[in-house]
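# Topology and contacts: notes
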Amino acid sequence: MAAPVRLGRKRPLPVCPNPLFVRWLTEWRDEAASRGRRTQFVFQKALRSLRRYPLPLRSGKEAKILRHFGDGLCRMLDQRLQQHRSSGGDHAPGTSRAKSPAPEEPPVGVPDSSMPVPSQPKVGSSSSYWPARHSGARAVLLLLYREHLNPSGHSFLTKEELLQRCAQDVPGVAPVSARPWPALRSLLHRNLVFRTHQPARYSLTSEGLELAQKLAESEGLSSLNVPIGPEEPSGEEPEVPGSASADLGASEGGVQPLLELRPGEYRVVLCVDVGEAKGAGHRPELLRQLQRLHVTHTVRKLHVGDFVWVAQETRPRDPARPGELVLDHIVERKRLDDLCSSIIDGRFREQKFRLKRCGLGRRVYLVEEHGSVHNLSLPESTLLQAVTNTQVIDGFFVKRTADIKESAAYLALLTRGLERLYQAQSVREVFARQLMQVRGVSGEKAAALVDRYSTPASLLAAYDACATPKEQEMLLSTVKCGRLQRNLGPALSRTLSQLYCSYSPLT
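The present account deals with the structure reproduced in this document. (Residues numbered from 1 in each chain as written. Predicted model: local features only at pLDDT ≥ 70, side-chain atom pairs only at ≥ 80, totals over all residues. Heavy atoms only, no water.)

Here the focus is the overall build of the chain. Helix and strand content of the chain: 17 helices and eleven strands. For the chain, the residues scored as buried account for 40% of the 507 residues in total. For the chain, contacts bridging at least 24 residues in sequence account for 65% of all contacts bridging at least 6. A total accessible area of about 29,000 Å² is found for the chain, and carbon and sulfur atoms account for 52% of it. (Helix = DSSP H or I, 4+ residues; strand = E, 2+ residues; numbered from the N terminus. Buried < 20%, exposed > 50% of the residue type's maximum accessible area, 1.4 Å probe, protein only. Contact = heavy atoms within 4.5 Å. Areas by Shrake-Rupley, 256 points an atom, 1.4 Å probe, with all protein chains shown as cover.)

Below you can see the structure in the form of structure tokens.
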């Protein structure tokens, strides 16, 4: 009796991310086997490790993060790659000329210097794709494009939000929430939409953004005539990013007035992402540790990072909505098991890209140990290389902790440091610190100078009032310093006048 025939759609095989390296390793393995050399087993182990790695590699040196890739083998790959390029071959080891004549482009619009950038499009290229009118794929692209243009939006939508808006705009194209959505799956497969986080968030890739813009223009919707936020009064300037209070939760409300907080008018608050607080196991433990350490914190939905700090008004006009300004520090926390999964599914690159684009200068990558490294889905050398690239290439500060208690202690230490940095310093104190950077200016001398000229502006005004350069040089010479009330002296007065009055470089 014949076996029953199984019907169903055959899934396309994933594209090999490093076809040149695989081909060269195969050639070297076969050549070594034909000559009876034991190096065939070395090449076979390296080939097996390379085929398991899901991301493209730019050079042989980058392959060192994989198992069974030593310095000699990486050097051989780089030499072969150099010969390949000099002979007119493709410039990327992950490029196959027969399959990918298109120029290299990141698949999700997330360039990253520390992780390889694919140069070969996925199966089902989107170069000639044009979704039909009134189709689910077209509706999803336009909805995500609308959210991308929304100045108060998040540049992403969840599946529930997509279903709800599709039901309003294009009834009949969206399935029931619990069922699969072929249109969304097709866009993911064509690399027009990428998915991150859990629950899933959907955003446009660079290719998807370009296609959505063309779709909007073809329908005469280049400006997408839909309400994307509160209307601004005519003639009023739009809000300048970063100048208003930072609402790190859901963006509601329109343009807010400029907020300025003076010393003593705010407190430093640690904002914890809701994903770090919900769930079972270690996540609620983090909040308990922060409470034990008496860290002032709040839980809210953060769109970038896991922890940020804000300066929050202590005497707000509206107690229900105090004004806030984001401080220049952000932390992304990763347990080792989560780091492995984020490298495999691509979140590692996407999250670092968003952190580098968020506008905050002090970025911290907090790596937390979890169990044995031998039980992880990636080898320890790969994780160490990824962490090192994050610090050396991306410019993040990497902090490794042993467990969740140490992570909470580090967050508490950062909070205390930011409180001292932002709350205790006034313009007068910063000016005194600046003066103490000059050779010969002690704490007593800086205090005496600040007592007479409390701000740099007042000192510059005094210099401007001097009639001659000689008078500027001797302006501070008679300032009394210390317990003995000695003069500051002409030499130090001349040095300070050169510092604050010279427009040319100091010699």
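Still to come is the rest of the account.
Moving on, we get to helix α14 (residues 443-452). Three or more residues of α14 are buried, namely Ala 446, Ala 448, Leu 449 and Val 450. On its buried side, α14 packs onto α13 (427-435), β10 (480-481) and α17 (490-501).

Moving on: the sheet that holds strand β8 (residues 362-368). If you trace the six strands from one edge of the open sheet to the other, you get β5-β4-β6-β7-β8-β9, paired in mixed fashion. Only two strands of the sheet have a single neighbouring strand rather than two, namely β5 (297-300) and β9 (397-401). In this sheet, neighbouring strand axes are inclined to one another by 30° on average, regardless of whether the strands run parallel or antiparallel. Pairing between strand β4 (residues 266-273) and β5: four bridges, direction parallel. The residue of β5 that forms the bridge with Cys 271 is Thr 298. Where helix α9 (residues 336-345) meets the sheet, its contacts fall on β7 (324-335), β8 and β9, and the angle it forms with β7 comes to roughly 90°. Seen against the sheet, helix α11 (residues 380-392) touches β8 and β9 and runs at an angle of roughly 140° to β9. (Pairing = 2+ DSSP bridges. Axes fitted to C-alpha atoms, helices over the stretch in contact; angles between N-to-C directions.)

The next thing to look at is the pattern of salt bridges. Taken as a whole, this structure holds 22 salt bridges when the rule is applied. In this structure, Glu 324 and Arg 300 form a salt bridge, with 2.9 Å as the shortest nitrogen-oxygen distance. With Glu 324 in strand β7 and Arg 300 in strand β5, this pair connects stretches of sequence that are 24 residues apart. Take Glu 324 and Arg 300: they sit in the same class, and that class is buried. (Salt bridge = Lys/Arg side-chain N within 4 Å of Asp/Glu carboxyl O.)

Take a positive patch on the surface next. Residues Lys 45, Arg 48, Arg 52 and Arg 67 make up a contiguous surface patch of positive charge. Of note, Arg 48 is situated in helix α2 (residues 39-52). (Patch = residues over 30% accessible without salt bridge, like charges linked within 9 Å, V, L, I, M, F, W, Y side chains within 5 Å. Lys, Arg positive; Asp, Glu negative; His and termini not counted. Charge placed at Lys NZ, Arg CZ, Asp CG, Glu CD.)

On to the packing of aromatic side chains. Taken as a whole, this structure holds five aromatic pairs when the rule is applied. Pairing Trp 28 with Phe 43 gives two aromatic rings, centres 5.9 Å apart and planes at 45°, and the pair type is tilted. Highlighted residues: Trp 28 in helix α1 (residues 19-34) and Phe 43 in helix α2, separated in sequence by 15 residues. Each member of the pair Trp 28 and Phe 43 is classed as buried. (Phe/Tyr/Trp six-rings, centres within 6.5 Å; stacked < 30°, edge-to-face > 60°.)

We now examine the side chain of Thr 382. On the secondary structure map, Thr 382 appears in helix α11. Non-local contacts of Thr 382, meaning those with residues more than four positions away in its chain, are made with Ile 65 and Leu 66.

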